[in-house]
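# Breakdown of the fold
Spelled out from the first residue to the last, the chains are:
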Amino acid sequence: NKTNTKDGNNNLKKNFHQTEPIKFKSDKIIKATDLAKIEYKALNFEGLWKEFFGLPSTNFHLLVHGNSGEGKSTFGMWFARYLAENFGRVLYVSGEEGFNKTFQDKLKFCEAEVENFWVLDVRTGDEFMKEVGVNEVHFVILDSLHDMQIDAKKLKEIFEKYNKTAFICIDQNNKKGELLGANEKKHLQDIVVNVKNFVAETTKNRFEERGKAFETSDFTKD
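Calculation criteria
Counting starts from 1 at the beginning of each chain's written sequence and moves along it residue by residue. Given that this is a predicted model, residues contribute local features only at a pLDDT of at least 70 and side-chain atom pairs are listed and counted only at 80 or more, while totals for whole chains, interfaces and linings are drawn from all residues. To obtain the side-chain values, all non-hydrogen atoms of the structure were included, while hydrogens and water were left out. For patches, a residue must show more than 30% relative accessible area and have no salt bridge; joins then use 9 Å for like charges and 5 Å for nonpolar side chains, namely Val, Leu, Ile, Met, Phe, Trp and Tyr. In these tables, accessible area is a Shrake-Rupley quantity obtained with a 1.4 Å probe, and a residue counts as shielded only by the protein chains included in the view. Whenever Lys or Arg places a side-chain nitrogen within 4 Å of a carboxyl oxygen from Asp or Glu, that contact is recorded as a salt bridge. Strands here are runs of E lasting at least two residues and helices are runs of H or I lasting at least four, both read from the DSSP assignment and numbered beginning at the N terminus. The cut-offs for exposure are 20% and 50% of the maximum accessible area for each residue type, with area from a 1.4 Å probe on protein chains only; residues under the lower value are buried, those over the upper are exposed, and the others partly exposed. Two strands make a pair as long as DSSP finds a minimum of two bridges between them. In this description, a line fitted to the C-alpha atoms serves as the axis of each element, helices being fitted only across the stretch in contact, and the angle between N-to-C directions of two axes falls anywhere from 0 to 180 degrees. Only heavy atoms matter for contacts: two residues are in contact if any of them lie within 4.5 Å across the pair.

### Here we look at a nonpolar patch on the surface
Together, Ile30, Leu35, Ile38 and Tyr40 make up a nonpolar patch on the protein surface, roughly 420 Å² of accessible area in all. Checked against the element boundaries, Tyr40 lands in the loop between α2 (32–37) and α3 (47–53). The exposed category is assigned to Tyr40, whose relative accessible area is 63%.

If you want it as structure tokens, here you go:
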């Protein structure tokens, strides 16, 4: 009986390893060997940007959050300038300040008046989707999610519509120093950066080791 059971298991094993051509119902199923051959494009960051972020995909999603006045928007502006100078068209959505003097001062302070850098003055996520066409720009900065009334559901809708565009989302912390509102917004991101007292730290990063921290002013030297 033991011999028969062993032989039966061997036959079963052979049957399970037989590979026959199959046509799946869903075209969303592909072979692992085919997936391994796909060449995904990545942004060739250099210097401190590479050390901090790694080499993100061309349509990465980044959330930068922090308390008011501690450097999150300035960090976002410096990053936007870096992207505009090296990788493509950047659209900065000024949902918090609009086109006022404080935003102009920030633009000049960060020396972000460069080619390929564009700005948009709207107040909600719906207005953004109404004014901006798909594939018009390579990178979008949303400043800020809270002021533009963009919750996780609306953010997912935006990401799905502009699925070839990279997004840098800026948001606010609560009094405890944590992201304001529901944490579902973090789950939609590839990278999450918390800015405290002008120090940026990665708390999530799919492209590089998390937990890296630098003063935001360090990025101006790169």
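### Section: the sheet that holds strand β6 (residues 191–196)
Here we have eight strands laid out as an open sheet, ordered β3-β2-β4-β5-β1-β6-β7-β8, and mixed in their pairing. At either end of the open sheet lies a strand with only one pairing partner, and these are β3 (117–120) and β8 (213–215). Averaged over neighbouring strand pairs, the angle between their axes works out to 20° when direction is ignored. Each of β1 (61–66), β4 (139–143) and β5 (166–172) touches helix α7 (residues 152–161); the most contacted strand, β5, lies at about 165° to it.

### Section: the pattern of salt bridges
For the structure shown, the criterion picks out eight salt bridges. Asp105 is paired through a salt bridge with Lys101; the nearest N and O atoms lie 3.0 Å apart. Placement of both Asp105 and Lys101 in helix α5 (residues 101–109) is noted, with a separation of four residues, approximately one turn of the helix. Arg123 is the salt-bridge partner of Asp121, the closest N and O atoms lying 2.6 Å from each other. By relative accessible area, Arg123 is classed as partly exposed at 35%.

### Topic: the pairing of β4
For β4, the tally of buried residues reaches five of five residues, placing the bulk of the element in the interior. Residue alternation in β4 divides its side chains into two sets, Phe139, Ile141 and Asp143 and Val140 and Leu142, and both sets are buried. Bridging between strand β2 (residues 90–94) and β4 involves five bridges; their strand directions are parallel. What sits directly across from Tyr92, in β4, is Ile141. Bridge analysis of β4 against β5 gives five bridges, and the strand direction is parallel.

### Regarding unusual backbone geometry
The residue after Asp143, namely Ser144, is reached through a cis peptide bond having omega 0°. At Glu111, a residue that is not glycine, the phi angle is positive and equals roughly 55°. Relative to the helices and strands, Glu111 is located in the loop between α5 and β3. A positive phi angle is found at Asn197, which is not glycine, with a value near 50°. Of note, Asn197 is situated in the loop between β6 and β7 (199–205).

### A look at the environment of Val119
You can see Val119 is positioned in strand β3. Judged by its relative accessible area of 34%, Val119 is partly exposed. Linking Val119 and Lys31, residues 88 residues apart in sequence, is a C-alpha distance of 43 Å. Sequence-distant contacts of Val119, defined by excluding residues within four places in its chain, comprise Leu91, Tyr92, Phe99 and Phe103.

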